[in-house]
Each structure stands twice: as C-alpha cells, then as structure tokens.
Amino acid sequence: MAPTWARRGKRPLFRRVTKERRALSTAVALTLSGKIYKRHFEGSVNSQKLIETLEHVRRQIPGKFILIWDRARIHRSKITKAYLQKHPEILMEELPAYAPELNPEEYCHGNVKQGLKNARPACRKEMRSMLDRGFARLRRRPDLLLSFFHAAGLSVRKLRLT
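Residues numbered from 1 in each chain as written. Predicted model: local features only at pLDDT ≥ 70, side-chain atom pairs only at ≥ 80, totals over all residues. Heavy atoms only, no water.

**Remarks on the overall build of the protein chain**
Link 1 in the chain: Scanning the protein chain from terminus to terminus reveals six helices and four strands.
Link 2 in the chain: The linear arrangement of helices and strands in the protein chain, starting from the amino end, is β-β-α-β-α-α-β-α-α-α.
Link 3 in the chain: Scored against the burial criterion, the 162 residues of the protein chain give a buried share of 38%.
Link 4 in the chain: The long-range fraction of contacts in the protein chain, counting pairs at least 24 apart against all pairs at least 6 apart in sequence, stands at 57%.
Link 5 in the chain: Total accessible area on the protein chain is roughly 11200 Å²; 53% of this is exposed by carbon and sulfur atoms. (Helix = DSSP H or I, 4+ residues; strand = E, 2+ residues; numbered from the N terminus. Buried < 20%, exposed > 50% of the residue type's maximum accessible area, 1.4 Å probe, protein only. Contact = heavy atoms within 4.5 Å. Areas by Shrake-Rupley, 256 points an atom, 1.4 Å probe, with all protein chains shown as cover.)

Listed below in structure tokens is the structure:
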C-alpha cells in the first residue's frame, strides 16, 4: 500500500484505478462456524454471479443451511428464485427491505474496506490481492466475526469453530 501525502494545507489527490464504479465486486457468506466464503467478480454482481456464489457455498457446506440476506433486486430475480426452488436444502430468510445494520456481512465488508481506505492498488489484480488478505485476516479473528453477528443484533454466544 502506498501512503498518501499532500503539502500542508492542501488536500491529497486520489486517482481511481479504473473509471468504472464497480471494477471488482465481492460476494461473501459468513457462517456461525466462523468461516467466510467469498467470490470476486469483474464488474457488479448480477443474478448469474450470485448463483455461482451459492454453488460455491453449497459445495463447501453439505446438507441444509439457512441463507439470510436482504431484499436486493438480484436476490429476488426470477433466475435466483428458480435456482432456490431447485435447491430445497437452502432455506431462505429475508431481512427487511433496506436494513444493512441487521446484516453481519455488511460489517464484514466494512471491516475489509476500512483496512483498504488508504490503499492505492495499481491494478485490479493488486486490488483483489488486498481484498484476499483482508478476508484472510478476518478468518483468523473469530472474535471479530462474532462481533459482526452481535453488531447486527443476533444473539450468538460463540462461534462453533470446527
């Protein structure tokens, strides 16, 4: 990471790596067993990319699991609904329409982004590497993962680290 600097009394200038707002997106799943599953995508996450993420999670978690997410458009799309109907092992619970404060994943993403606030990656590959290091750091910090669930108002006593 490169430090930022400016002359005294002057604001530092920040340059974007790309002109695209969403050059790189990450879909994340947190579990009560202290695991983080993630997928990076070029551009914004759409329904097809979301299904790729769900497939990745299904391969990692055998059997039934409960998926708790917000009511984003991609979560309610016909493609996503059709996928979920084909997979009854995925039980779905929806959060209120716009309530990021109730979603532990938002705190996870926020923590990783906080660690990158002064970063100036030269390219997408470097940005992806920085994100990977941020999520790897969280995987080693079950106390932080637990705090994300608590911050979302979920009464989880401890993570089942297995």
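Once you've had a look at it, read on.
**Looking at the pattern of salt bridges**
Link 1 in the chain: On inspection of all chains with the given rule, the structure shows seven salt bridges.
Link 2 in the chain: With its nearest N and O atoms 4.0 Å apart, the salt bridge here joins Glu52 to Arg39. With Glu52 in helix H1 (residues 47–60) and Arg39 in strand S2 (residues 36–42), this residue pair connects regions lying 13 residues apart in the sequence.
Link 3 in the chain: Look at the salt bridges and you will find they share partners, linking Glu55, Arg58 and Glu89 into a network. (Salt bridge = Lys/Arg side-chain N within 4 Å of Asp/Glu carboxyl O.)

**Some words on the confidence of the model for the protein chain**
Link 1 in the chain: In the predicted model, the protein chain carries a mean pLDDT of 84, and 86% of its residues have values of at least 70.
Link 2 in the chain: Per-element confidence in the protein chain ranges from a low mean pLDDT of 87 for strand S3 (residues 65–69) to a high of 96 for helix H3 (residues 78–86). (pLDDT = per-residue confidence, 0-100.)

**Looking at the packing of H1 against H3**
Link 1 in the chain: At their nearest, the axes of H1 and H3 sit 9 Å apart, and the two run at 25 degrees to each other. Considered as vectors, H1 and H3 are oriented roughly parallel to each other. The chirality of how H1 crosses H3 is right-handed. Facing Ser47, Gln48, Leu50, Ile51, Leu54, Glu55 and Arg58 of H1, the residues of H3 in contact are Ile79, Thr80, Tyr83 and Leu84.
Link 2 in the chain: In terms of residue class, the contact of H1 with H3 is built from six nonpolar, three polar and two charged. (Axes fitted to C-alpha atoms, helices over the stretch in contact; angles between N-to-C directions. Parallel < 35°, antiparallel > 145°, perpendicular 65-115°, else oblique. Left-handed = near helix turned anticlockwise from the far one by under 90°. Nonpolar A, V, L, I, M, F, W, Y, C, P; charged D, E, K, R; others polar.)

**Quick notes on the side chain of His109**
Link 1 in the chain: If you trace the backbone, His109 turns up in helix H4 (residues 104–115).
Link 2 in the chain: Only 3.3 Å separates the side chain of His109 from the backbone oxygen of Thr26, close enough to count as a polar contact.
Link 3 in the chain: The contact partners of His109, leaving out residues within four places of it in the chain, are Thr26, Val28 and Phe135. (Polar contact = N/O pair within 3.5 Å; in protein donor to acceptor, adjacent residues only side chain to side chain.)

**Considerations on H3**
Three or four residues apart is the spacing at which side chains of an α-helix point the same way, because the helix has 3.6 residues per turn.
Link 1 in the chain: Where H3 is concerned, the buried positions are Thr80, Tyr83 and Leu84. Projected down its long axis, H3 carries its buried residues within an arc of 95 degrees, all on one side. Among the exposed residues of H3, those pointing more than 90 degrees away from its buried face are Lys78, Gln85 and Lys86.
Link 2 in the chain: Where H3 is buried, its residues contact H1, S3, helix H2 (73–76) and strand S4 (90–94). (Arc of directions from axis to C-beta.)

**A few points about the nonpolar core**
Link 1 in the chain: Ranked by size, the top nonpolar core spans 15 residues in total, and within it Leu30, Ile36, Cys108 and Leu138 carry the most contacts.
Link 2 in the chain: Of all the secondary structure elements, the ones that give two or more residues to this core are strand S1 (24–30), H4, helix H5 (124–139) and helix H6 (142–151).
Link 3 in the chain: The dominant element in this core, judged by the number of residues it contributes, is H6, at five residues.
Link 4 in the chain: If we ignore the near neighbours within four places in the chain, the residues touching Leu138 are Ile36, Cys108, Asn111, Val112, Leu144, Leu145 and Phe148.
Link 5 in the chain: Judged by nonpolar contacts, the second largest core, of 13 residues, contains Ala29, Leu50, Ile61 and Tyr83. (Core = buried A, V, L, I, M, F, W, Y, C linked by side-chain atoms within 4.5 Å.)

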